[in-house]
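# Remarks on the overall topology
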Amino acid sequence: MAWWQLPRDNRSAFLQLARRSQNHQGLFIHNTIQQRMLQRSQCMRLPEGWVVDVSWGGQAQARDLQRRYQDRQVHVMSWSKKPVMSWSELLRQTVIKSFPSSVSSVFFGRGWVRPLQWHEFQTDKLGADHLNHLLPAGLSQKVAMIWSNSLLHRLADPVATIKSWHNALASNGVLFFSCFGPDTAYELRELSQALGLPFADWRDMHDWGDALVHTGFTDPVMEMERLTLTYRDVKQLFEDWRAAGGNCLLHRRQGCLGSSALKRCYALLEAADQGRLQMTIEVIYGHAWRTERVFKGAEVRIPVEKIGRKQ
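Positions within a chain are numbered from 1, following the residues in the order the chain's sequence is written. Residue-level local features of this predicted model are given only where pLDDT is at least 70; pairs of side-chain atoms are given and counted only at 80 or more, and the full residue set underlies all totals for whole chains, interfaces and linings. Hydrogens are left out, water is left out, and the side-chain values use all remaining heavy atoms of the structure.

## Notes on the environment of Leu262
Here is the rule we go by: Per the convention used, a helix needs a DSSP run of H or I reaching at least four residues, while a strand needs a run of E reaching at least two, with both numbered from the N terminus.
Within the secondary structure, Leu262 is located in helix α9 (residues 259-273). It is 9.8 Å that separates the C-alpha atoms of Leu262 and Lys235, two residues lying 27 residues apart in sequence.

So this is what it looks like as structure tokens:
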């Protein structure tokens, strides 16, 4: 069974990401989700290692994550539209923008923190298989946490991505992510159906929890909340939805609908909401750990060397 009813196109998703990640003001939906993730992360105790940020967002979100983990090296994936020929060439050309190695910390905000490490992914000519991993070479087994805000629901094969992240995490490392749930923008889905246009489907938190277990993670914790955004005019609603993502469907319509179709969209939304325009964002939060436990049937096996003596 395919993960999505309507398949995604990774290349289109990341080209859209590269364009929208520069629009910091338009990312307020993801910034809001980021703040909620930061609040939820307070209870997590990480092993030694790096924090890697693979998110749909901009520099402001990365700085917030740096403040949260100011005692660790934070690696941030950023995106560009420059063409590359192959995945191996992409890894050779990965750009790490940082301070000199002699500088171990810089003054930021309220105190001294380590500088961010920026990794630039050049996405213009990459195929779907090249965008399933999203981690540069050299980070494997050194990562204490992979942080992913509002990205997985855009990928063609998010389960493959989660599996690659599991392989990259250190023992007892954690994956913490957010993504859209089934009720996200249902108001716009109804509009799309009225116009005969496809609209992306979203999986629920139980599916994401199953995916975590299937890819080797343990102790998954899933949570869901709904954010309701209210607008005075349709134009602002459309602008916020566009800034929040884009159409990454594989078989999406090519080209624009035109001004007459846009006016019809406005009229349909205003009629449906009777002067009170709203858009729902269902947010799914999930985290799970890479541990040494091995499941076999109803048994749980733990290596002897991992069993500590009670002090």
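## Re the confidence of the model for the protein chain
Stated formally: Residue-level confidence of the predictor is what pLDDT reports, using numbers from 0 through 100. The contact definition used throughout considers only heavy atoms, calling two residues in contact when any of these lie within 4.5 Å.
Per-residue confidence for the protein chain averages 76 on the pLDDT scale, and 68% of its residues sit at or above 70. In the model of the protein chain, strand β3 (residues 95-97) stands out as the element of lowest mean pLDDT, 31, in contrast to helix α7 (residues 205-214), which has the highest, 96. A low-confidence stretch, residues 81-113 stays under pLDDT 50, and its non-local contacts, those more than four residues away or across chains, total 66 contacts. Ignoring residues within four places in sequence, the model shows residues 123-130, a span with pLDDT below 50, making 23 contacts including any to other chains.

## Looking at the nonpolar core
What tends to happen in soluble globular proteins is that the nonpolar side chains get buried as a cluster. Put simply, the rule is: Here, nonpolar core refers to any group of buried Ala, Val, Leu, Ile, Met, Phe, Trp, Tyr and Cys residues whose side-chain atoms link them within 4.5 Å. Remark: exposure states derive from per-residue accessible area (1.4 Å probe, protein chains only) relative to the maximum for the residue type, with buried under 20%, exposed over 50%, and partly exposed in between.
Membership of the largest hydrophobic core comes to 40 residues, with the highest contact counts inside it found for Leu46, Met145, Trp147, Leu188, Trp241, Met279 and Ile281. The contacts of Met279, once residues within four sequence positions are left out, are Ile29, Ala185, Glu187, Leu188, Leu227, Thr228, Leu229, Tyr231, Leu237 and Trp241. In this structure, Val54, Leu134, Leu151 and Leu169 belong to the second largest nonpolar core, which totals 32 residues.

## A closer look at the pattern of salt bridges
The cut-off we apply is this: Put simply, a salt bridge is a Lys or Arg side-chain nitrogen that is within 4 Å of an Asp or Glu carboxyl oxygen.
For the structure shown, the criterion picks out 8 salt bridges. Between Arg40 and Glu223 there is a salt bridge, with the nearest N and O atoms lying 2.9 Å from each other. One end of the pair, Arg40, is in helix α2 (residues 28-40); the other, Glu223, is in strand β9 (residues 218-231), and 183 residues separate them in sequence. Looking at Glu223, the relative accessible area reads 35%, which means it is partly exposed. Between Asp183 and Arg226 there is a salt bridge, with the nearest N and O atoms lying 2.7 Å from each other. Of this pair, Asp183 sits in the loop between β8 (169-180) and α6 (186-195) while Arg226 sits in strand β9, placing them 43 residues apart in sequence. Judged by relative accessible area, which is 47%, Arg226 ranks as partly exposed. One network of salt bridges, with partners in common, ties together Arg36, Arg40, Glu223 and Glu225.

## Re α7
Along an α-helix, residues three or four apart share an orientation, since each turn contains 3.6 residues. The criterion, for reference: This arc is built from the directions going out from the helix axis to the C-beta atoms.
Buried within α7 are the following residues: Trp208, Gly209, Ala211 and Leu212. Projection of α7 onto a plane perpendicular to its axis shows the buried side chains occupying an angular sector of 160 degrees, all on one side. Away from its buried face, by an angle of more than 90 degrees, α7 presents the exposed residues His206, Asp210, Val213 and His214. Each element contacted by the buried residues of α7 is listed here: α5 (158-168), β8, β9 and β10 (277-289). Residue Gly216 follows α7 closely and has a positive phi angle near 105 degrees.

## Overview of the side chain of His153
Put simply, the rule is: Any pair of nitrogen or oxygen atoms within 3.5 Å is treated as a polar contact; in protein, a donor-acceptor pairing is required on top of that, and neighbouring residues in sequence qualify only through side-chain atoms on both sides.
The topology assignment puts His153 in the loop between β7 (143-149) and α5. Reaching out from His153, the side chain makes a polar contact with the backbone nitrogen of Phe180 at a distance of 2.9 Å. Residues contacting His153, with those up to four places away along its chain left out, are Trp4, Arg8, Cys179, Phe180, Trp202 and Trp208.

## Overview of the packing of aromatic side chains
The cut-off we apply is this: When two rings of Phe, Tyr or Trp (its six-membered ring) have centres within 6.5 Å they constitute a pair, described as stacked for plane angles under 30 degrees, edge-to-face for angles over 60, and tilted for the intermediate range. Two limits define a charge over a ring: the Lys NZ or Arg CZ must be within 6 Å of the ring centre, and within 35 degrees of the ring normal.
The tally for this structure, following the rule as stated, stands at 8 aromatic pairs. With a centroid separation of 5.0 Å and 70 degrees between ring planes, the pair formed by Trp3 and Trp208 is classed as edge-to-face. With Trp3 in the segment before α1 (10-20) and Trp208 in helix α7, this pair connects stretches of sequence that are 205 residues apart. Each member of the pair, Trp3 as well as Trp208, carries the same accessibility label: buried. When the ring of Trp4 is compared with that of Trp208, the centres are 6.3 Å apart and the planes differ by 65 degrees; the resulting orientation is edge-to-face. Note that Trp4 is positioned in the segment before α1 and Trp208 in helix α7, a separation of 204 residues in sequence. Residue class for Trp4 comes out buried when judged on its relative accessible area of 5%. Its relative accessible area of 0% is what places Trp208 among the buried residues. Here the aromatic cluster, defined as three or more aromatic residues joined through ring pairs, consists of Trp3, Trp4, Phe177 and Trp208. Over the ring of Tyr69 we find Arg68, and its NZ or CZ is 4.5 Å from the ring centre. The cationic tip of Arg154 hangs over the ring face of Trp56; the distance from NZ or CZ to the ring centre is 3.8 Å.

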